[in-house]
Amino acid sequence: MNNTLEEYKKAIKIKYELEKEGEHFDYLYSPSRGKLRDLCWLIFENNPTQDDLNVFRNLLCLDFDHKKKNKFKEQKDKFRPIETFFKGETDPSNIDAINLAAVLVDFQPRPFKRFNEKCRIEEAKTTGNVEKIKATAEIDNEVIELKSFVKNENEGSKEVPKRGNLFLNLKDIFSKKIVQKIYPRKVITIAIGAVALVSSACLYFVQKKD
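A brief report on the enclosed structure follows. If you're wondering where the values come from, they're calculated on a predicted model, not measured in any experiment.

1. Points about the environment of tyrosine 8
Part 1 of the argument: Take tyrosine 8: it is sitting in helix 1 (residues 2-19).
Part 2 of the argument: Between the alpha carbons of tyrosine 8 and asparagine 116 there is a distance of 8.3 Å; along the sequence they are 108 residues apart.
Part 3 of the argument: Of the polar contacts made by the side chain of tyrosine 8, one reaches the side chain of asparagine 99; its length is 2.8 Å.

Spelled out as structure tokens, the structure:
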């Protein structure tokens, strides 16, 4: 909660730096307790929310009433923590002063209770998104593992044809060796046949001359 409160104060201070150049320049550019008091009255004259009215009551210890402006003016010192906060001189711990500072610069969401609730909702959404990302990552990993498994199975199934090819290769090699062994015999047979044919031809011509 302390961290959230610090974020709340930082956000209000950032909003102040923007607003001091805007519509309420005269009250915020060089803030004083009197100027902030007058700005507060101006803001609360224009239909304040119930939350803002509660902040007003908590810090000033009186209800906002158009008929009690003089009594309100006596509350100038209650704006001192807001003045020094805007000037960067102090870091207020009074949550009511911080909430009224948020009202003066129209920071939303306010008061701190609403800001804290929003932070918790955003944190829950972020946590939920992280869980979704983790779940998605786990699914992706499972898909990758499944694809890897299928790939390995396919590669394993391809090994059978390779073994078959190896068998065929061995068969071819074995056949070639047989042919190489048989081939010289054919050469010899053909040579003998050629010699016999030539001898027969020579004998025929000799007999014909006689």
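That was the structure; now back to the text.
2. Considering the packing of helix 4 (residues 50-60) against helix 7 (residues 95-104)
Part 1 of the argument: Remark: helix 4 packs on helix 7, axes separated minimally by 9 Å, with the N-to-C direction vectors making an angle of 135°. When the axis of helix 4 is compared with that of helix 7, the two are oblique. Of the two elements, helix 4 crosses helix 7, and the hand of that crossing is left-handed. Packed against helix 4, whose contacting residues are Asp52, Val55, Asn58 and Leu59, the element helix 7 presents Asp96, Ala97, Asn99, Leu100 and Val103 at the interface.

3. A closer look at the pattern of salt bridges
Part 1 of the argument: This model, assessed by the stated rule, comprises 12 salt bridges.
Part 2 of the argument: Arginine 110 is the partner of aspartate 52 in a salt bridge, and the nearest nitrogen-oxygen pair spans 2.7 Å. Here aspartate 52 is found in helix 4, whereas its partner arginine 110 is found in the loop between helix 7 and helix 8 (112-209), with 58 residues between them in sequence. Like aspartate 52, the residue arginine 110 is buried in the burial classification.
Part 3 of the argument: With a closest N to O distance of 2.4 Å, arginine 57 and aspartate 63 form a salt bridge.

4. Points about the packing of helix 3 (residues 33-44) against helix 7
Part 1 of the argument: Across the interface, helix 3 lies against helix 7 with an axial gap of 10 Å and an inter-helix angle of 65°. In terms of axis orientation, helix 3 runs roughly perpendicular to helix 7. Handedness of the crossing formed by helix 3 with helix 7: left-handed. Contact residues: Leu36, Leu39, Cys40, Ile43 and Phe44 in helix 3; Leu100, Val103 and Leu104 in helix 7.
Part 2 of the argument: Class assignment of the residues belonging to the contact of helix 3 with helix 7 gives a composition of 8 nonpolar, no polar and no charged.

Quick notes on the rules
- Residues numbered from 1 in each chain as written.
- Predicted model: local features only at pLDDT ≥ 70, side-chain atom pairs only at ≥ 80, totals over all residues.
- Heavy atoms only, no water.
- Helix = DSSP H or I, 4+ residues; strand = E, 2+ residues; numbered from the N terminus.
- Polar contact = N/O pair within 3.5 Å; in protein donor to acceptor, adjacent residues only side chain to side chain.
- Axes fitted to C-alpha atoms, helices over the stretch in contact; angles between N-to-C directions.
- Parallel < 35°, antiparallel > 145°, perpendicular 65-115°, else oblique.
- Left-handed = near helix turned anticlockwise from the far one by under 90°.
- Contact = heavy atoms within 4.5 Å.
- Salt bridge = Lys/Arg side-chain N within 4 Å of Asp/Glu carboxyl O.
- Buried < 20%, exposed > 50% of the residue type's maximum accessible area, 1.4 Å probe, protein only.
- Nonpolar A, V, L, I, M, F, W, Y, C, P; charged D, E, K, R; others polar.

Honestly, that's just the spatial picture; any functional story needs more than this.
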